[in-house]
Amino acid sequence: MTDNLFQPFALNSIITLNNRILMAPLTRCMADNELVPTPAMAEYYGRRADAGLIISEAVIIRPDGQGYPNTPGLFTQAQITGWKAVTERVHGNGGKIFAQLWHTGRVAHPHFFEQGDVLAPSAIAVEGSVPRMRELTYQVPKAVTQTDIDGLINDYAQAAANAIEAGFDGVEIHGANGYLIDQFLHFDSNKRQDEYGETPENMARFPLAVVDAIIERIGNDRTALRVTPGAYFNMATDANDREVFDYLLPELEKRQLAFLHIGIFDDAMEFDYLGGTASSYVRANYNNTLVGVGSYTAETASKAIENDNFNLIAIGRPFIANPDYVEKIRKGEEITPYSEEMLASLV
Ligand SMILES: Cc1cc2nc3c(=O)[nH]c(=O)nc-3n(C[C@H](O)[C@H](O)[C@H](O)COP(=O)(O)O)c2cc1C
């Protein structure tokens, strides 16, 4: 019934996945205090190496990108060395792994870094506070200058190069879920009146510059992107966002990425202004390899792939609850249900 999930899939001429099940990026907040991945993290990822591709938890590209405790980085030599142990373990077990590159933008909190401002396209705070750290309310960010933007693009490209040095098979740029790149793509968080705001072309300028800088450094075959056309997290919806993504998707298609991945928790959610679900909208506007996600079971994912809604499926929470998810699906065994208490330990 789920046989198609076990067909190999060539992302391009240099990367072929053993199956179509990706492990979705899952932040676990388990790096050490220098944001270095630990041996326990290497074992955690190693146990899940039978996924067609693991996408790592989001990894911050530099200190001012941090919005949660103990999220790993890729900007110091110690962090690169820590990740080497992870990628070696995954490769040793026959798997592949991409690093998800992250800057949280206005969702960053100065509690986590010593120098610099909270940066975002515009000086508009996100509501609320850091999860489980109520005293840390989100701050009004500084609207980035051209110098800030140049520095960010450079640091994304350097983090991508560091990922390759650490042995990752590629990177997924985190352009989803209301973080920095996504903040440029939505009217709720981007009120700029310069060449980075007001029009779809301008609002896509920084995201595309990051994509292009990373492609230049590590190649398009090793570069992927996650996007959220339907705002649902850290962001309010605005029907005008549609035009931004109508412009962005064909631009991305030209760049021949390894894949495009949708960022959403439940792909049954419909967005009026997208004319349906996030995946149906992206599929209609993007013809290259697409990764679906969001509350799928192996059965519903298999059907969605059969219907050509997307090419690959990313599985998140069930992979936390089931390190042996792929094996269980292959054998038709029952899946252990996910619960939030499972986040307390790295099994
Ligand atoms: C604990 C947890 C951590 C997550 N961390 C990330 C992350 O670091 N980067 C990201 O893009 N999405 C993250 N997500 C979203 C997942 O990648 C995925 O889109 C979501 O869980 C829906 O898929 P699922 O229904 O299969 O779990 C996270 C989700 C959960 C539950």
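Residues numbered from 1 in each chain as written. Predicted model: local features only at pLDDT ≥ 70, side-chain atom pairs only at ≥ 80, totals over all residues. Heavy atoms only, no water.

Draft legend 1. Local environment of the side chain of glutamine 79. Positionally, glutamine 79 belongs in helix 2 (residues 77-92). Ignoring anything within four residues of it in the chain, the contact list for glutamine 79 reads Glu34, Leu35, Val36, Pro37, Gly73 and Leu74. (Helix = DSSP H or I, 4+ residues; strand = E, 2+ residues; numbered from the N terminus. Contact = heavy atoms within 4.5 Å.)

Draft legend 2. Layout of the packing of helix 1 (residues 39-46) against helix 2. Contact geometry of helix 1 with helix 2 gives a least axis separation of 8 Å together with a crossing angle of 25°. It follows from the interaxial angle that helix 1 and helix 2 lie roughly parallel. The two elements helix 1 and helix 2 cross, and the hand of that crossing is right-handed. From helix 1, Met41, Ala42, Glu43, Tyr45 and Gly46 reach across to helix 2, where they touch Trp83, Ala85, Val86, Arg89 and Val90. Considering only residue class, the contact of helix 1 with helix 2 consists of 7 nonpolar, 1 polar and 2 charged. (Axes fitted to C-alpha atoms, helices over the stretch in contact; angles between N-to-C directions. Parallel < 35°, antiparallel > 145°, perpendicular 65-115°, else oblique. Left-handed = near helix turned anticlockwise from the far one by under 90°. Nonpolar A, V, L, I, M, F, W, Y, C, P; charged D, E, K, R; others polar.)

Draft legend 3. Fine view of the pattern of salt bridges. In the structure shown here, the tally under the stated rule is 13 salt bridges. Linking arginine 62 and aspartate 64 is a salt bridge whose minimum nitrogen-to-oxygen distance equals 2.8 Å. Here aspartate 64 falls in the buried class, since its relative accessible area comes to 9%. Because the salt bridges share partners, they merge into one network encompassing Asp212, Glu251, Lys254 and Arg255. (Salt bridge = Lys/Arg side-chain N within 4 Å of Asp/Glu carboxyl O. Buried < 20%, exposed > 50% of the residue type's maximum accessible area, 1.4 Å probe, protein only.)

Draft legend 4. Structural detail: helix 3 (residues 146-165). Helix length check: helix 3, at 20 residues, gives a terminal C-alpha distance of 29 Å against a target of 28 Å (1.5 Å per residue), a fit within 8%. For helix 3, the complete set of buried residues consists of Asp148, Ile149, Leu152, Ile153, Tyr156, Ala157, Ala159, Ala160, Asn162 and Ala163. Among the residues trailing helix 3, glycine 167 stands out with phi positive, at a value near 95°. (Expected span 1.5 Å × (residues − 1).)

Draft legend 5. Looking closely at the site of the ligand. Neighbouring the ligand are 19 residues; Pro25, Thr27, Arg226, Ser295 and Arg317 lie closest to it. Note that an oxygen atom of the ligand is positioned 2.5 Å from one of the side-chain N or O atoms of threonine 27. Note that an oxygen atom of the ligand is positioned 3.2 Å from one of the backbone N or O atoms of alanine 58. Within the complex, 92% of the 610 Å² of free accessible area of the ligand lies under protein. Here the ligand is seated within the largest pocket. Here the residues of the shell around the ligand sort into 10 nonpolar, 7 polar and 2 charged. (Near = heavy atom within 4 Å. Polar contact = N/O pair within 3.5 Å; in protein donor to acceptor, adjacent residues only side chain to side chain. Areas by Shrake-Rupley, 256 points an atom, 1.4 Å probe, with all protein chains shown as cover. 1 Å grid on protein atoms, 1.4 Å probe; cavity = no way out; pocket = protein on both sides within 12 Å on 5 of 7 lines; lining within 4 Å. Sits in = over half its atoms within 2 Å of the grid points.)

Draft legend 6. Layout of the nonpolar core. Grouped together as the largest cluster of nonpolar side chains are 104 residues, with contacts concentrated most on Leu74, Phe206 and Leu252. Counting residues in hydrophobic clusters, the runner-up holds 16 residues, among them Ala58, Ala108, Val130 and Met133. (Core = buried A, V, L, I, M, F, W, Y, C linked by side-chain atoms within 4.5 Å.)

Draft legend 7. Local environment of unusual backbone geometry. Of note in this structure, asparagine 70 is not a glycine but carries a positive phi near 55°. Residue asparagine 70 is classed as partly exposed on the basis of its relative accessible area of 21%.

Draft legend 8. Local environment of empty space enclosed by the protein. Applying the stated criterion across every chain, the model contains 1 cavity of 30 Å³ or more. Taken as a whole, the largest cavity spans an internal volume of roughly 40 Å³. Residue lining of the largest cavity: Ile173, Ile181, Leu185, Pro207, Val210, Val211, Leu225, Val227 and Leu248, and that is the complete set. Elements with a contribution of two residues or more to the lining of the largest cavity: helix 4 (180-185), helix 6 (205-218) and strand 9 (223-227). Per element, the largest residue contribution to the lining of the largest cavity is 3 residues, and it comes from helix 6. Within the lining of the largest cavity, the residues separate by chemical class into 9 nonpolar, no polar and no charged. (Points joined across faces, edges and corners; volume = space filled by probe spheres on them.)

Draft legend 9. Examining the sheet that holds strand 9 more closely. Taken together, 8 strands build a closed barrel; the order of strands is 3-4-5-8-9-10-13-14 and the barrel is parallel. Between one strand axis and the next, the sheet turns by 30° as a mean value, whatever way the strands run. Packed onto the sheet, helix 8 (residues 278-285) meets strand 10 (260-262) and strand 13 (290-292) and runs at close to 155° relative to strand 10. (Pairing = 2+ DSSP bridges.)

Draft legend 10. The arrangement of the pairing of strand 4 (residues 53-60) in detail. Most of strand 4 is tucked away: 8 of the 8 residues are buried. Relative to strand 4, strand 3 (residues 21-23) runs parallel, the two being bridged by 2 bridges. For leucine 22, the partnering residue across the bridge sits in strand 4 and is leucine 53. The sheet contact formed by strand 4 and strand 5 (residues 97-102) spans 5 bridges and is parallel. Note on strand 5: the bridge partner recorded for isoleucine 54 is isoleucine 97. Between the parallel pair strand 4 and strand 5, the chain is carried across by helix 2, and the sense of this crossover is right-handed. (Right-handed = clockwise from strand over helix to strand, strands pointing away.)

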